[in-house]
Amino acid sequence: QVQLVESGGGLVQPGGSLRLSCAVSGSIFGIKAMGWYRQAPRNQRELVATITSGGSTNYADSVKGRFTISRDNAKNTVYLQMNSLKPEDTAVYYCNAEGLAMYGSSWYDDYWGQGTQVTVSS
């Protein structure tokens, strides 16, 4: 079985920081890319940041300079450090794994976590 479990969400004041974690369980051979997406009420799910197996990163313009995505391949974990948080960052944040390969030649195009709520409010 493969599971993506997010943690680190919560309530924070504007200007504060949070660090999200996403751990992938299972006998993982490799993951091409991992990312964070978010969805606010009445909004479409949008890309926040992605990171490839080679370390290349991509950020939404709205979070550049404030958020940092990183990964630990040995732990099959991806992180999102969020600084200078704004009320507009309030959303459910979802972890995504793209191109997930397991030992035994199992392959999944996409795997999603259950999401973690981030609320930025005074």
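The sections below set out a description of the structure shown in this document. (Residues numbered from 1 in each chain as written. Predicted model: local features only at pLDDT ≥ 70, side-chain atom pairs only at ≥ 80, totals over all residues. Heavy atoms only, no water.)

## Considerations on unusual backbone geometry
Part 1 of the reasoning: Phi at S84 takes a positive value of approximately 50 degrees, unusual for a residue other than glycine.
Part 2 of the reasoning: When you line up the elements, S84 lands in the loop between strand 8 (77-82) and strand 9 (91-102).
Part 3 of the reasoning: When its relative accessible area of 41% is taken as the criterion, S84 is described as partly exposed.
Part 4 of the reasoning: Unusually for a residue other than glycine, S105 sits at a positive phi of about 70 degrees.
Part 5 of the reasoning: Positionally, S105 belongs in the loop between strand 9 and strand 10 (106-112). (Helix = DSSP H or I, 4+ residues; strand = E, 2+ residues; numbered from the N terminus. Buried < 20%, exposed > 50% of the residue type's maximum accessible area, 1.4 Å probe, protein only.)

## Section: the packing of aromatic side chains
For any pair of aromatic rings, the description rests on two quantities: the centre-to-centre distance and the angle between the ring planes.
Part 1 of the reasoning: All told, the structure shown has 3 aromatic pairs when counted by the stated rule.
Part 2 of the reasoning: Here Y37 and W112 contribute two aromatic rings whose centre-to-centre distance is 5.1 Å and whose plane-to-plane angle is 65 degrees, an arrangement assigned as edge-to-face. In this pair, Y37 is assigned in strand 4 (residues 28-39) and W112 in strand 10, connecting sequence segments 75 residues apart.
Part 3 of the reasoning: For the pair Y108 and Y111, a centre-to-centre distance of 5.0 Å together with 90 degrees between the ring planes defines the contact as edge-to-face.
Part 4 of the reasoning: Judged by its relative accessible area of 30%, Y108 falls in the partly exposed class.
Part 5 of the reasoning: Judged by relative accessible area, which is 24%, Y111 ranks as partly exposed.
Part 6 of the reasoning: Across the ring face of Y79, the terminal group of R19 is positioned such that the distance to the ring centre comes to 4.1 Å.
Part 7 of the reasoning: Positioned above the aromatic ring of Y94 is the side chain of R45, whose terminal nitrogen or guanidinium carbon lies 3.8 Å from the ring centre. (Phe/Tyr/Trp six-rings, centres within 6.5 Å; stacked < 30°, edge-to-face > 60°. Lys NZ or Arg CZ within 6 Å of the ring centre and 35° of its normal.)

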